[in-house]
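Chains, contacts and geometry: an overview
Single-letter residue listing:
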Amino acid sequence: GESLRLTERQTLEGGVVSTIWDITDDVKNETALREARSVAEAASTAKSEFLSSMSHELRTPLNSILGFAELLQRDKKTPLTDAQKGKLEYVLKGGEHLLHLIDDILDLSRIESGRVMVSPEPVGVAEVLAEVKSTLAPMAERAGVALSVEPLPAGMPEVIADRTRFSQVLINFGSNALKYGRAGGTATLTVSLPSAETVRVSIRDDGIGIPKEQQEKIFQPFHRAGQETGPIEGTGIGLAISKRLATLMGCDVGFESIPGVGSVFWIDLPARTAPARTASESSRAMLSASALG
C-alpha cells in the first residue's frame, strides 16, 4: 500500500547510489484531490442542469401570465377601470422582473456548463459604444441620468472580441450605473489605452457607490452589495455573467468604487495588431451608428 520513487546513479568508482523517496502521502493526496474535483464537477454539472431545467419550466407558465395580462390591458371591448389597470401594472412589472431573472439564470448555467461559445473577431469600439448608448437611452431617461460617450483617443485600434458578448458586458455595466445612479446625475462611457496591446472601455457613474466590505464579493452570483432588501430591483447575476463572458473572450474586468461618490467598471480587451483607424474614421463611424439608432 506504499508508493515509492527510486532513482539510481553510477559513481566514478563504478558503484551505484540508490535513493528512495516515500511518496505515499503525496499519491494519496493527489488521488483524494482528483476524486474531490470529480465530485465537484459532477455537482456543478447537476446544478447547471437543474437551473436550466427549472428555468425552462418556469418560463412557460410565466409567459402565459404575462400574455394574458397584456390581453387584459389591451381589451377594448371590456376596458379595465383605472384601479384595475394600476393593479395589472404590478402583475406585469413583477412578471417581467421574474422573466429577466430566469434569462440571467439560464445565461449563467450555460456559461458554467461550458455551452456558451464565443467568436473573437476584430470589432470597432465606436460602433459598439453607439449601440450600447442607444440600447440604454430609454432606461437612462426613466432614471433621470444623463448618459454620454466621451470622444475616443486618437489612433483608436479595433479590439479582438465577440461583438455580442462585448456589448452584453457593457450593457450590464451600464444598466447598473443607471439603476444605482442619482437622479440628475451622469453615467459616462470612456475609452483609454493603458498599453499598446490593451484597450480599456469604462463606464463611470456618480451614484451611491459600493460599501468597502461588499466589494470583494461584487462579481459573485446573486450578490447585490447590500441592496438585496433595497427598493432597487435586480438579480445580482449581471456582474457575475459579465466577468465570466470576459474571461471566455480572454479579457479582464475590474472596478473602483467610493461609497457615496460613485463607481467605475471597466473591461480590458486585446487591441488588434492591424493598422489602427484614424480618430476621424472612428468618430464618423460612431456618429453614423448613432444616427441609425
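Residues numbered from 1 in each chain as written. Predicted model: local features only at pLDDT ≥ 70, side-chain atom pairs only at ≥ 80, totals over all residues. Heavy atoms only, no water.

1. Considering the pattern of salt bridges
Close approach of charged atoms lets side chains of opposite charge pair. Enumeration over the complete set of coordinates arrives at four salt bridges. Across the pair Arg272 and Glu158 runs a salt bridge whose closest N-O atoms are separated by 2.6 Å. Placement of Arg272 in the loop between β9 (262-270) and α6 (279-292) and of Glu158 in the loop between β4 (146-149) and β5 (159-161) is noted, with a sequence separation of 114 residues between them. The partner of Asp268 in a salt bridge is Arg200, and the shortest N-O contact between them spans 2.7 Å. Taken together, the residues span a long stretch of sequence, with Asp268 in strand β9 and Arg200 in strand β7 (residues 198-205) at a distance of 68 residues. Under the relative-accessibility criterion, Asp268 is labelled buried at 14%. The exposure class of Arg200 is partly exposed, given its relative accessible area of 24%. (Salt bridge = Lys/Arg side-chain N within 4 Å of Asp/Glu carboxyl O. Helix = DSSP H or I, 4+ residues; strand = E, 2+ residues; numbered from the N terminus. Buried < 20%, exposed > 50% of the residue type's maximum accessible area, 1.4 Å probe, protein only.)

2. With respect to a nonpolar patch on the surface
Taken together, the side chains of Leu4, Leu6 and Ile20 present a nonpolar region at the surface, about 320 Å² in accessible area. Mapping Leu4 onto the fold places it in strand β1 (residues 4-10). Judged by its relative accessible area of 52%, Leu4 falls in the exposed class. (Patch = residues over 30% accessible without salt bridge, like charges linked within 9 Å, V, L, I, M, F, W, Y side chains within 5 Å. Areas by Shrake-Rupley, 256 points an atom, 1.4 Å probe, with all protein chains shown as cover.)

3. Quick look at the pairing of strand β8 (residues 252-258)
Note that β8 and β9 share seven bridges and pair antiparallel. Pairing of Asp252 across the sheet is with Asp268, part of β9. (Pairing = 2+ DSSP bridges.)

4. Some remarks on the side chain of Asp162
Position of Asp162 among the secondary structure elements: in the loop between β5 and α4 (163-179). At 5.1 Å, Arg165 is the nearest oppositely charged side chain to Asp162, a buried residue that forms no salt bridge. Reaching out from Asp162, the side chain makes a polar contact with the backbone nitrogen of Ser119 at a distance of 2.8 Å. Within polar-contact distance, the side chain of Asp162 engages the backbone nitrogen of Thr164 at 3.1 Å. (Lys, Arg positive; Asp, Glu negative; His and termini not counted. Polar contact = N/O pair within 3.5 Å; in protein donor to acceptor, adjacent residues only side chain to side chain.)

5. Details of the packing of aromatic side chains
The final tally for this structure, using the stated rule, is four aromatic pairs. Aromatic pair Phe173 and Phe265: ring centres 5.4 Å apart, planes at 40°, arrangement tilted. One end of the pair, Phe173, is in helix α4; the other, Phe265, is in strand β9, with 92 residues separating them in the sequence. Its relative accessible area of 8% is what places Phe265 among the buried residues. For the ring pair Phe219 and Phe255, a centre distance of 5.9 Å and an interplane angle of 70° mean the geometry is edge-to-face. Here the residue Phe219 occupies a position in the loop between β7 and α5 (238-248), and Phe255 occupies one in strand β8, the gap between them amounting to 36 residues. (Phe/Tyr/Trp six-rings, centres within 6.5 Å; stacked < 30°, edge-to-face > 60°.)

6. Looking at α5
Taken as a whole, α5 has its buried residues at Gly238, Leu239, Ala240, Ile241, Ser242, Leu245 and Ala246. In this structure, the buried residues of α5 make contact with α2 (82-112), α4, β8 and β9. With its phi angle positive at about 80°, Gly250 sits one or two positions after the end of α5. (Contact = heavy atoms within 4.5 Å.)

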